[in-house]
Every structure is written in C-alpha cells, then in structure tokens.
Amino acid sequence: MPKVEQVPVGRTKWIDREVVFNHDEEVDDLGEWFEYLDEKSWTLVQLTMSGHLSLKARSQLDRLQEDNQSRLLCLRIKDDRVAAAPTEEDLQYLSLEGFVGTAVDLLRQDESQESQDALRLLYRFHREAGGES
Amino acid sequence: MRITRVILHHWKGIENYVLEDIDPGLNLILGDNETGKSRIAEAIWFGLFESSKGKSTHKEALRSWEQTGDPKVEIDFETGGSTYHIEKTFGQTGHKTKLTGPGFTLPDDDAEMELASLLGITAPSSRQVKDEELGMWPLLWVRQFRSGEEPHKSLTEDAKARLQDLLSATVGEVAAGRVGQKLMEMALEERGKYYTDTGRSRSPLTEADDRVEDIEEQLNEASNNRRQLEQSAEDLRRVREDITRLDERTLQTSSDLEQAKKKATQAQSLKNQIQVQKGEAAVVEGKLKAVEGDLETRREREDSLKAVQQDAENTRKNEVAPKIKEQDRLDKEVKAAQTALEKATDERNKAREMARRAFEQKKRKDFDERIDQLAGQLKKAKGFQKDILKIAGEIGAIRVDRGTLDTLRELQSQLKSAQDTLLGASTRLRVSAMQELKIDGKKLGKGETLDKVYSEPASLIIDKIAKLEVTPGGENLESLREEAVRLDEQLKNILEAHLLKNLNAAEAAFAEKDELTKKKTILESTLTGMCPEGITTLETALRGMESERKALGDNDPDAPEEKEITLKLETLENAEAEAREARDVVKEELSRVVNELGIFAERVKRFEGQATELQGLLKKMPPAEEIQKAEGDARTAWETALATVKGLEGQYEELGGEVAESDAERLDKVLKGIREDLDEMRQQRARLDANVKLLADKDIHEKEQDLQAKLVEAQKEQGDVYRKAAAAKNLADTLQECRAASQRRLLAPATDAIRKHLQVLFPGIDVSLDEELNVEGLKTATRTEELVDLSGGTKEQIGMIVRLGLAELLAGEEGLPMVFDDALTNTDFRRIEQMHRILFKVADNLQIFIFSCHPEAFEGIGAGKRYRLPGRPARRPIN
C-alpha cells in the first residue's frame, strides 16, 4: 500500500476551527490556542463559534478577537451563534449608580439583539474604564 | 458662616479702617472711586483665602509708600455656632497668621490649615491662590469688572460636586458620578465611530456598504456574462439545428417544385380545352333557349287572345247592356222633373209680382206717416223758437247784472258799517222819572223811562227845572256822518240808474233774470235736440220727402197685404227649390250613368283592339309543331356539349385543378424564402460561434463563483459592522436619554431656587441649566435664548440671580457671605430696583456685601448696615 504523507508545499497556513462554548473558561483555552499558533503573520484562521457565555467572558472573547485580528494574516470569525447572557456576577458588576444604572435596567428589559449587544458593550466599557469587578 | 467685623491696617494706602457691627444680612459699602471699596473687599479676600507666607508679587502690591507698617487684616466671623478671629499680616518681616477659635489659638500653618478646613478650601500655599482651590467661594465672590461673567465659570469642580451632592440628597437620587461620565464619553465616542452628530453613517458603515455594493456590481456583471454565454450557446445550438432542417427542406422543396411544374403544364392544356368546349356548349344552349322562347311566346299569345275575346264579350253583356236600360229610365225622369220645376217657377213669379206691389204700397204709406211726423216736429220747433225770442227780450229788459249787484251789495255793506260807526259815536241818554215830569214838553210818568240817542249836539229841557246840553262824538263825528251820506248817495244813484228802489229789488230782479236765463237755456237745448241742424234744414228735409212721395205715385188700393203675400212667396220659392233639387238629382244620376256607359264602351273597344293585335302577331309566327321539333334538336346538341365539358373537368381536377397551377409558383417562392433564411442562419451561426469562443475564454464561471464567495464575506462583515454600530448607537442613545431624565430631576431644586428670583425680573421665563450646572440661557415654553446672545445688563442680572440661587442651596441654614464688588454697573435703575427686592429677600439666608460708587442706585435696597467711605481712606485709631 502506498503511504500518503502530508507535505507542506506553501508558506501560508490555512486553519478552519470550530469552537463550542459551554463554560467561560473555554475562552481562556481559545486564548492559549491563539498564543501557541506558529508564524501568525502567515496564518489564515476561520473561526466558527457557538454556545453560551457570560458578559464577562463574552467581553474577554471580543478583546481576544480584536487582538488577533492584527496579529494573524487573516482571521475570519463567525460568532453570531454565541449567546451572551448576563450572569449574577455580571449584573452585580453592572449595578451602577445614577442614570447608568437606569440604562442597564432598560437594556436588560429589552430582549432584542441590539439591546443585548449594547449591554455587552457597556460591560466592556465599564471594564476598560477601570470599573471594579 | 457670617462675618461680623473686618479691620484693615496699612492696606494699600488705607492706614486703618474698621467695618464694625456688620449686619448678618444686607451690607452696603458706598464710596466714590479711589476711596477704598475694592481694597476693603480685597482685604477680606486675603484674610480668608490667601496665605500670609511668601513674598509673591500680588502680596508685595499690598504695600504703599506712605504706609507705616505691614499690611494686616483682621476678620471676625461665626460658623458652626462658634466665633472665630483670624488675623493675617503680609510683608517682608513679621508675616504671620493667627486663628483664634473657641478655646484655641493657632499660629501660621496650623491656623491656615484650620481656616481652610472651616472654609472648605485647599490650604493656601505661598503662591497666589487659584479659583479651583477655593471650592464654592468663587461663586460667592463677584470681583470688580467680573459681574458680567457667566456664573458657571466661577463654579469649581468642588463646588459642582458639592452642589450635585446637595441636589442628589434633596431629590433622593444618586448621580452617576465620574464613572457614569466616563462611560457616557466612551459610549458617545463609540457611536461617533459609526454615526455623525446628525445621524449620518461614517466610514466603517459606508465602506462596508460600498464594498458590498462594489462586489454586487462585479457579481452582477459576471452573472450577466455567464448568462450571456449560456444564451449564446443555446442560440448557437438552435441555429445549427435550424440550418440542418433548412438544408433538408431545400432538397425536398426543389423536388416538389419540379413535379408541380409538370402538373401545371398539363392542367393548363386541359383548362384550354375546357374553355373551348364550354364556348361550344354555350352557343348550343343559346339556340335552345331561343326556340324555347318562341314556343313559349306563341302559347302565351294564344292564351291572351282567348282571354281578351272573352273579356270583350263579358263587358258587353254584363256592363254595357244594363247601363243602356238605366239611361233610358233616367232620361224620362229628367224630363218629368224639368216640367215640375217650370210650373213651380211660374207660380213663384206671379207671387213675386204681387209682393212687389205690396211693398210699394207700404212704402207710400210709410212716406205719408213720416211726412206728417216731420211737419208736426217743425211746427213744435217754431213754437220753441218763438218762446226763446220772447224770453230773450225779457232778459234784456232787466238791466241788473252780476257786477252791478256785487257793487250794490258792497256799497250797502259799507253804508251799514259807516252808519254803525256813526251810531257808536252817538250818545245814549236814559231819563228815569222819579216823579211825573215833562221833557221837551212831553210828559213822563213816575217810574217811566225815556231813551234818547244823539248823534249830533242837542239840548233837552226837563220841565222848567233844567236844560241838558248833549254833545256826542267828538271831532270825528262830522267826517263819519259825511262818509255815511256819501255812501248812501252813491247807492241811491246806482239804484236809480237801474230803475231800482233798493238792494232787495236789485236782488229780486237779478233772481228773475237768472230764472229766465235758465228757462231760455232749457228751451234752446230742447230745440237743438229736436232739430240739431236747425229749423231750415228741417223744412228742407220735409220738402224733399214730399217730392219723393209724389214720385211714388198714387196709392194702389188692390195691393195685397204685405205680410200675407210675403208668406206665400216664401212657400212658393221653397217649392221651386225642391223641384229644382229633384231635377238636379235625377240629372246627375243620368250623367253618372252616361259616363259609366262611356267607360264600358271604351273598355270593349280596347279588348277588341288587343285581340286584333294578337291575331296579327300569331299570323307572323311559325306553326306550333314546327317550333316543337326545332326545340328537341337543340336540346340534344346542348346535352352532348355538356357531357364533353364534364369529362375534361374531371381530368383537370385529377391533376389538382387550380392548385396544381399555383403550387409551382408557391413552391418557387417557398424555395427562395428557405434559401434566404439559410443565408441568414449561416451568418448568425458565424457570429454566435465567435461570441461563444470569446466568452468561453474569460473564465466566467470561476469569476462568478469567486465573487459570490466575496459577496457572502462582505455581507457578513457588513452585518457585523452594522450590528456593532447598532449596539453603540443603542447604548449611547439609552445613556443620553437616562442621563437627561436624571439631570432634569436632579437640577429641579437648583432651577426652582433660581426661578423664584428670576420671576421678579423676567416673569414667565426660566433659566436653562445643563447637567454641569452651566447656564445655557433663558427659555420660555417655546424657545431658548442662549446666554451669550443676551445684552450685557441682562447677563449681569442673570449671573447675579443664578449665583444667589445656587448660594442659597449651598448655604442651607448656616448662611454664607457673598460679595459683589461694583456689581450691576450695566443695569438700568428699574432693574436695579427689582434686584433690590431679590437681594433683600436672600439676605434672610445669605450675608450680602455690596460695594458700589452709586449710592443713589441702592437707596431703596433696605440695607441692614450702610458704610459710606470718606473722600480719603478712613484712618481710625485702634485702641
């Protein structure tokens, strides 16, 4: 029987990866996977993601994507099936005073994707602004 | 906090000055320019906020050439229920600070620290203190030339924070703080990446849209190319099939054309033979029809002759004979009727002569009666005429006319009036006898009276006792008497001229004359009615009638009565008319019969003429048997010719008839069309071949698939960008809405505090504050006017009112001092008077210091304490 062996013939590397999130910690795992990729500037990644994450983890995933967009030759992401639902911890983190707290309540009450995305964005801004978690 | 006393030493030319008994409310410090108002305000500022340490320029400026010591300020104040004394000395030597409070005295830095703590400011250093280090105090302190500044420029972050804390506490709502502000900034920045302030899309969105649109255009073009190739290939296949089919059709049609041409030649030959035979058959048919016509004509004429002969006989027997009998009868009747008529006419003529005699006799009688009547009338008229002439004579004898009578009446009236006047001028004398006496010799018994009227002087002798002289009237009595006499004479003259006795006689004569005139008028009217044209005409008419009567001759005594003869004549005339009518009826009947007889005779004559004509025609024709034989021969020849034509037509139809002839022509045209189509198809095939080859070389399918993949990717990226943009917009919009709502609630106490003062100057107008407590402007229910657009005076007033309102919030129940150095310089007196009310009111909670060089502007402010600075700085010794 002839033996077939994979022999790289070009320098660019094509990676197609699917990730299903069941726990927030899996975002850390994905981060490590990105870290250990060789020759990032010659690598093209198509990342298809799905599953459930907390706002905190979803925010972490957003940052991870943004960081690697510039590091990889190409990063194509399909993340529209990743649902980000606020956990008790998220809500505690977002229990802000004044009009921001009112805005959080309004966005939580609206179940549209637009409002959920806005809530996620607010969560991220809060973290970037140095809000205590 | 309230200031109770201020003492200045060696302060920029002011050697010593004390503000004592400072009012806890409203204090007014007045003085001309250069008298030290601002220096006192500055001293308080330095005493409270500047450090005594250091020798910076602004502190050096406190000294003056004349002063004998270092600048020093002492301030007594109360806060938190305690009393404090601060004194600060500024200068090269001996500069120090001392704070004395309840049970303590602190020196220098400790004093500064404690004082800063009491005032809520940052402890001052040796450099000049800055506004942002002074908490709320810049808001409370309006320095010279700065009254027109927007009040929020004096609002430090610390003051804002304090106000917002106060507002939050008042409203019971927590402000978002710095974290909230930061988040808001980030949200706005994020939204700004995608949308402009006016809501238009920015580059991330437009670029994503452009990319999708660009790829869609490319894909559309590629798809069009691909479809074009497919269409060209399909067209080429179809054209090739059409060419093959047309080639086959060309061969078949050529073969069909050859056969059709042969058939057409044969059909043409048969057609010519048919035409020849049809011509021969037509000739034979003509002969047959001519013979048949002759036979028919003969039979018809024979039948007509019989019928005409029968009609003539019938007419003679049934119509003419009876009419001749009737004519004879009527002739006799006409003669009888004529005889009766002539007899009736004769009778009537006799009666008519008798009637004429009766009429003439009646005419004579009528004339006689009329002549008698006319003669009587003439006689009567002549009698009337005679009476009229007599009355006219009587009238003429009476000479009084209307004018004379009126003159007499007037004179009589004037005379009576003159006599009455004369009587009025007379003297009436009454003598009543008391005993018997004599007057002018006449006896007057006792108790009797004598009345006398004297119109002229007179005398009266009473017995022998007395003589009475009476002189009536006066000087006019004579002229009155003369007038009466004149009128009386004039009246008498006229009466005499008309042979009258008096006026009554004149009245009677005139009445008689009037009566006669009326009578004459009636007679004349009657005469005119009797003979309007006069008696002469009447006489002429009578003579005319007598002449005519004479012409009528003598009376006819044998003439019948007119009425009787008239009745008889009428009867005879009726009988004559009846006889004439009877004769005319019979005569008319006879005429009708004669006429009908003529018609019938004419009809018989016409029948006989027709019969003679038919007999002549029949004699000219061959016998009937000869014509029948010729008709049989012609029919046989015609049937033979028809059979020949039919045989030839059968052969023609077998070949296809007319179609065989046109088929060749048709197929020739079909073949020509096929060849033209074939040429066109071959050209089309060449073009499509070239097109397909050209398009096939372009990798169309690969390009389309590649673009489809790119489009999916671009649409995904577009969706991601729009999703991010929507999230950013939603977040920013939500935060803005929530912040605006929160601000409205939080700012309500501040705007309320300002509004109550603002209403005094600007009723119905509110101040608009933004979330940072910046004054945006004034607003009404419909519009907002920005602060920068307001006049200098209005800005100054708004600034003071806002400061007062916010200061009241900051002061709470503790109170705070506020300083206005040369404030309201741009405000007119009316507004200043309104400001007085506001300042007087806020002085319940705030301690107000107003420094001004316009005492007249603040006369009505109701200050608790007024300080009027002298022309030069005050120099009061300190004990």
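Caption draft 1: Main features of the overall build of chain A. Scanning chain A for helices and strands turns up five helices and three strands. The linear arrangement of helices and strands in chain A, starting from the amino end, is β-α-β-α-β-α-α-α. The proportion of buried residues among the 133 residues of chain A is 29%. Relative to all contacts within chain A whose residues are 6 or more apart in sequence, the contacts with residues 24 or more apart total 84%.

Caption draft 2: Spatial organisation of the interface of chain A and chain B. Counting residues at the interface gives 19 residues for chain A, matched by 22 residues for chain B. Looking at the side of chain A that touches chain B, the elements with two or more residues in it are α4 (98-109) and α5 (113-128) of chain A. No other element matches the eight residues that α5(A) contributes to the side of chain A that touches chain B. Class assignment of the residues belonging to the side of chain A that touches chain B gives a composition of 11 nonpolar, five polar and three charged.

Caption draft 3: Highlighting the sheet that holds strand β2 (residues 43-53) of chain A. Residues and elements named next belong to chain A. The three strands lie next to each other as β1-β2-β3, forming an open sheet whose pairing is parallel. A strand with exactly one partner marks an edge of an open sheet, and here the two such strands are β1 (13-21) and β3 (74-84). Averaged over neighbouring strand pairs, the angle between their axes works out to 5° when direction is ignored. Bridge count for β2 against β3 is nine bridges, and the pairing is parallel. Bridged to V45 within β3 is L75. On the sheet, helix α2 (residues 55-71) packs against β2 and β3 and is oriented at approximately 170° with respect to β3.

Caption draft 4: Representation of the packing of helix α1 (residues 25-35) of chain A against α2(A). Residue and element names in this part refer to chain A. Interhelical geometry of α1 versus α2 gives an angle of 10° and a closest axis separation of 10 Å. With respect to each other, α1 and α2 are oriented roughly parallel. With respect to the hand of their crossing, α1 and α2 are arranged in left-handed fashion. For the pair formed by α1 and α2, the contact residues are V27, L30, G31 and F34 on the first element and A57, Q60, L61, L64 and N68 on the second.

Caption draft 5: Local environment of the sheet that holds strand β3 (residues 26-30) of chain B. Residue and element names in this part refer to chain B. Pairing within the open sheet is parallel, and its five strands lie in the order β8-β18-β19-β3-β20. Each end of this open sheet is capped by a strand with a single partner; those strands are β8 (141-142) and β20 (865-868). Two strands pair when backbone bridges link them, and β8 and strand β18 (residues 816-821) are joined in this way by two bridges, in the parallel orientation. Bridge pairing in β18 places V142 opposite F820. Together, β3, β8, β18 and β19 (846-852) form the strand contacts of helix α1 (residues 37-49), whose direction differs from that of β18 by roughly 145°.

Caption draft 6: Spatial organisation of unusual backbone geometry. Look at A:E39: it is not a glycine, yet its phi comes out positive at around 45°. With respect to the helices and strands, A:E39 occurs in the loop between α1 and β2. A positive phi is found at B:E34, a non-glycine position, where the angle reads about 65°. The topology assignment puts B:E34 in the loop between β3 and α1.

Caption draft 7: Structural view of the pairing of strand β14 (residues 466-470) of chain B. The element β14(B) is barely covered by neighbouring structure, given that only zero of its five residues are classed as buried. Hairpin connection of strand β13 (residues 458-462) of chain B to β14(B): three residues between the antiparallel strands, including B:D463 at a positive phi of 45°.

Caption draft 8: How the structure looks around the packing of helix α5 (residues 157-171) of chain B against helix α15 (residues 700-761) of chain B. All names here are of chain B. It is at 9 Å that the axes of α5 and α15 come closest, and there the two elements cross at 100°. Viewed along their axes, α5 and α15 adopt a mutual orientation that is roughly perpendicular. On α15, the residues touching L163, Q164, L167, S168, T170 and V171 of α5 are R745, L746, L747, A748, P749 and A750. For the contact of α5 with α15, the per-class residue count stands at eight nonpolar, three polar and one charged.

Parameters and conventions
- Residues numbered from 1 in each chain as written.
- Chains lettered and ligands numbered in written order.
- Predicted model: local features only at pLDDT ≥ 70, side-chain atom pairs only at ≥ 80, totals over all residues.
- Helix = DSSP H or I, 4+ residues; strand = E, 2+ residues; numbered from the N terminus.
- Buried ≥ 20, exposed ≤ 12 C-beta atoms within 10 Å, placed from the backbone.
- Contact = placed C-beta atoms within 7 Å.
- Nonpolar A, V, L, I, M, F, W, Y, C, P; charged D, E, K, R; others polar.
- Pairing = 2+ DSSP bridges.
- Axes fitted to C-alpha atoms, helices over the stretch in contact; angles between N-to-C directions.
- Parallel < 35°, antiparallel > 145°, perpendicular 65-115°, else oblique.
- Left-handed = near helix turned anticlockwise from the far one by under 90°.

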